Structures are given as structure tokens and as C-alpha cells.
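Fold and contact review
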Amino acid sequence: MQTAYLIYAILTFVCSLLGGIVISKLKFSHTGLQILLSFVGGLMLAVAILHLLPHSVTELKGNTKTASVAMLAGILITFLLLRVFQVHQHGAYDDTQSQICQHPEHRQATASDDPNHCEVHRSRYSWIGLFIGLGIHAIIDGLAISAIVVESTNHTEVPLLPGIALAAAILLHKPLDSMSVISVMKSSGWDQNAVRLANFSFALISPLGIYIAAYGFDVFAVDSNTSLLGWTFGISAGCFITIALSDILPELTFHNHDRLKLTIALILGVALGFMLQGSETTHDHTHHHPTAITELSTSGT
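The paragraphs below set out a description of the structure included in this document.

Rules and cut-offs
- Residues numbered from 1 in each chain as written.
- Predicted model: local features only at pLDDT ≥ 70, side-chain atom pairs only at ≥ 80, totals over all residues.
- Heavy atoms only, no water.
- Helix = DSSP H or I, 4+ residues; strand = E, 2+ residues; numbered from the N terminus.
- Buried < 20%, exposed > 50% of the residue type's maximum accessible area, 1.4 Å probe, protein only.
- Contact = heavy atoms within 4.5 Å.
- Areas by Shrake-Rupley, 256 points an atom, 1.4 Å probe, with all protein chains shown as cover.
- Phe/Tyr/Trp six-rings, centres within 6.5 Å; stacked < 30°, edge-to-face > 60°.
- Patch = residues over 30% accessible without salt bridge, like charges linked within 9 Å, V, L, I, M, F, W, Y side chains within 5 Å.
- Salt bridge = Lys/Arg side-chain N within 4 Å of Asp/Glu carboxyl O.
- Core = buried A, V, L, I, M, F, W, Y, C linked by side-chain atoms within 4.5 Å.
- Expected span 1.5 Å × (residues − 1).
- Arc of directions from axis to C-beta.
- Polar contact = N/O pair within 3.5 Å; in protein donor to acceptor, adjacent residues only side chain to side chain.

1. Overview of the overall build of the protein
Along its length, the protein carries 9 helices and 0 strands. Counting helices and strands in the order they occur from the N terminus, the protein gives α-α-α-α-α-α-α-α-α. When the 301 residues of the protein are sorted by exposure, 48% land in the buried category. Restricting to contacts in the protein with at least 6 residues of sequence separation, those with at least 24 account for 87%. Carbon and sulfur atoms form 67% of the exposed surface of the protein, whose accessible area is close to 13900 Å².

2. Here's the deal with the packing of aromatic side chains
Applying the stated criterion to the full structure yields 5 aromatic pairs. Look at Y5 and Y211: their rings are 6.4 Å apart centre to centre, the planes differ by 50°, and that puts the pair in the tilted class. A residue pair is termed long-range when its members are at least 10 positions apart, and Y5 in helix 1 (residues 2-21) and Y211 in helix 6 (residues 192-216) qualify at 206 residues. For Y5, a relative accessible area of 1% translates into the label buried. Judged by centre distance (5.9 Å) and plane angle (80°), the ring pair of W127 and W190 falls under edge-to-face. Residue W127 is found in helix 4 (residues 126-151), and its partner W190 is found in the loop between helix 5 (164-187) and helix 6; the two are separated by 63 residues along the sequence. By relative accessible area, W127 is classed as buried at 14%. Members of the aromatic cluster, connected to one another through ring pairs, are W127, F131, W190 and F202.

3. A look at the environment of M71
Within the secondary structure, M71 is located in helix 3 (residues 64-85). The exposure class assigned to M71 is buried, which follows from its relative accessible area of 19%. Through-space distance from the C-alpha of M71 to that of G238 is 4.4 Å; in sequence the pair is 167 residues apart. When sequence neighbours within four positions are dropped, the list of residues in contact with M71 reads L53, G234, I235, A237, G238 and I241.

4. Some details on a nonpolar patch on the surface
Taken together, the side chains of L6, I10, V14, L18, I21 and V22 present a nonpolar region at the surface, about 480 Å² in accessible area. Topologically, I10 is positioned in helix 1. Judged by its relative accessible area of 47%, I10 falls in the partly exposed class.

5. Brief notes about the nonpolar core
With 39 residues, the main nonpolar core has M44, V47, L52, L166 and F240 as its most contacted residues. Among the elements of the structure, helix 1, helix 2 (30-59), helix 4, helix 5, helix 6 and helix 7 (226-254) are those that each provide at least two residues to this core. When neighbours within four sequence positions are excluded, L52 is seen to be in contact with V47, L166, F233, S236, A237 and F240. W127, V181, W190 and I205 belong to the second-largest nonpolar core, a separate cluster that totals 14 residues.

6. Quick look at helix 3
Helix length check: helix 3 (22 residues) gives 31 Å between terminal C-alpha atoms against 32 Å at 1.5 Å per residue, within 8%. For helix 3, every residue scored as buried is listed here: A67, A70, M71, G74, T78, L81 and L82. Looking down the long axis of helix 3, one finds its buried residues gathered within 115° of arc, a one-sided arrangement. Turned more than 90 degrees from where helix 3 packs its buried face, K65, L80, R83 and V84 sit exposed. At the N-terminal end of helix 3, a side-chain oxygen is found 3.2 Å from the backbone nitrogen of K65, two or three residues along, and the residue is N63.

Set out below in C-alpha cells:
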């Protein structure tokens, strides 16, 4: 399992770092960005409903009510993060304002048109709240990856990279999160060194979450704490659903352009979630958590 932790930690770090370096420099059109968000949102919805929620029910010994409560808790936690830290900025800042959508229904005041319209642009230090909010979300991502790796020790056969569907959704969304932080920092006038430092620091959060959950507390591998795994999966499912819908619903609710493109992107994202689910080998869900403790302890020596 140590190999899986290391691979996922490296991938989350690289995806987040590259998101801040590369994607923030690309000139996404409004439609292009919305297509990307629709695709990733569809994938996250599929992962939450088809992967995380069933895992939660399994770890909670079939208790669907508790799994539902855990998912609702995840939804409320993410909603509060969105509300308090205003984690809603998905777009690369561009001095030429090439990001401004030219569709008539978009010509109302937006974050790109009027910086005072959006709370995150009102202060030079407003990126800190965004960093904290997305940082908490990144920690939850790390915990979810660690949980899926530990949960795989319940099976008689353990793949090299368990939970590939969950990892794919997280890895595809990582660049968007780092892009959000970097965009707001650039629009607030921070110099390049400060932007690089923030991007590097943000990229470290999910890998730290993975290793803190796996080795720091060593709680997931205890047989009596299978309910904790179930709660982790349930809360993660709620977080995924809320993040996905917060990306998709505003475009669906307020605008009617490019409907076919955005719908196809959403369906393709969901389809990818189905395919990734099918690619995962069916295992025997007999619990072997004491073995997991031994394996983790042995690997650490």
C-alpha cells in the first residue's frame, strides 16, 4: 500500500502544481472553461454516487441511513466552505479580459467585468480565504484517497492503484482549484514569487492529507474504526456532489447558450465514471483490517 500512497501523493502534487503554472497562463474562452467544468463535474457526480456512497454503505455494514447522514454532512460542510470562503472562482485571470463571455446573456456584471461584483476581488488579501477554503477541500481529497487505499486491504486481491475512479476525479479537478487561487492572486497584484510560493504550498496539501490519514493517526486500519471509513466515504461523496453541482448549476440556471456542448460534456464525464467503475476488479469484501495494520507497520520499518 505504501506504493499506492506514494504514487497518489506525487500525482496530486504534480496536477495541482501544473494547474497553477500552466492552466493559469492559457486563455480559456468562457465556453471552453464551462465545457471543462461540465465534464469534470459529470465525472465527480458519477464517482460520488457510484463509488463513494456504495463504499460508505459497505463500511457501515449496510446502514444506509448513517451513510446518508454522512453524505448530507459532506454537503453541508462544503456549502459552508463555499459560503464562508467564497470558493467559487474557476477561471484564469487575463489582463486583456479575454475571459469575458461575449454571449448577450452574460453581459451583466460578472467577476471579469466588474471586480467589485465579486467578493473575492475586493481585497488584496482575499485570496487567503480562498486558499483556506480550497485547502480544507484538498485535505478532504487526501483523506478520501487514503481511505480508498486502506479499504482495498479488505479484499483478497489488491490492485496497484485502488480507487482509480476516485483518483481520476480528484486529479482532474486539482488544476481547477489551483487555478482559482492563482487567478485571484494575480488579479490582486501579487508578484510572481508570491504566486509561485502559494501554488507550491497549495500543491502540498493533498499529499499531506494522504500521509496524515495513512500514517499520522493510523486510525483507518483499525477494525473497530470501519465506521470511520464509512463516514469518510460518505462525507467525501457529499463534498463531491456539492462541488460538482456548484460548477454545473449556475451555467444551467442562468444561461442558455452552448447547451448541446455542455450537455455532451456532462454526459461524457458521467460515462467516464461508469467506465472507470467497470474497470475496477470485483473483490471479496471480507474485512482484514488487522492485516492492514501489520502491513502498514511493516512497511514503515
